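Structural overview for review
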Amino acid sequence: MPKITYIDSGGASRTVDADVGATVMETAIRKQYSRHRGRCGGACACATCHVYVDEAWRAKTGEPSPMEEDMLDFGYDVRANSRLSCQIKVTPELDGLVVTTPEKQA
């Protein structure tokens, strides 16, 4: 079972087990990580699950789709490593993934 580490904007971290096939957002919600709201339910229709992917993991998580990039325009403090966690599928290769939540969510 892959592990994902969520770091909040204050630096506190929490590592959880993730189910392969779930998304990083679904995992956060299931594990009650409060910084993830996912108001649209994972439909890539908002930016409430915005995260920063640790640089070591950017290639493995891939680039955002054009639709995801459009939604990121609604996020706060969007950076080159910004992603919507609802669009990152958990795979065995993502074991050890580290994401950080921004100070504010859309």
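Just above sits the structure.
First, a word on scope: everything that follows refers to the structure included in this document. (Residues numbered from 1 in each chain as written. Predicted model: local features only at pLDDT ≥ 70, side-chain atom pairs only at ≥ 80, totals over all residues. Heavy atoms only, no water.)

Looking at the overall build of the protein chain
Using the following cut-off: Only runs of H or I of at least four residues qualify as helices and only runs of E of at least two qualify as strands under DSSP, and these elements are numbered from the N terminus. We call a residue buried when its accessible area falls under 20% of the maximum for its residue type, exposed when it is over 50%, and partly exposed in between, using a 1.4 Å probe and counting protein chains only. We call two residues in contact when some of their heavy atoms are within 4.5 Å.
When you go through the protein chain residue by residue, the secondary structure sums to 3 helices and 5 strands. Counted from the first residue to the last, the protein chain has its helices and strands arranged as β-β-α-β-α-α-β-β. Seen through its principal axes, the protein chain has C-alpha atoms that stretch 30 × 25 × 25 Å. Scored against the burial criterion, the 106 residues of the protein chain give a buried share of 43%. Nonlocal contacts in the protein chain, meaning residues at least 24 apart in sequence, comprise 66% of its contacts between residues at least 6 apart.

Considerations on empty space enclosed by the protein
Just so we agree on the cut-off: Put simply, the grid is 1 Å and covers the protein atoms alone, a cavity is a trapped set of points that fit a 1.4 Å probe, a pocket is an open set with protein on both sides within 12 Å along at least five of seven lines, and lining residues have an atom within 4 Å of a point. Grid points are joined across faces, edges and corners, and a volume is the space filled by probe spheres set on the points.
Enumeration according to the criterion identifies 1 cavity of 30 Å³ or more in this entry. In this model, the largest cavity occupies a volume close to 60 Å³. What lines the largest cavity is Val-53, Arg-58, Thr-61, Gly-62, Glu-63, Pro-64, Ala-80, Asn-81, Ser-82 and Arg-83. Of all elements in the fold, only helix H2 (58-61) and strand E4 (82-84) reach the threshold of two or more residues within the lining of the largest cavity.

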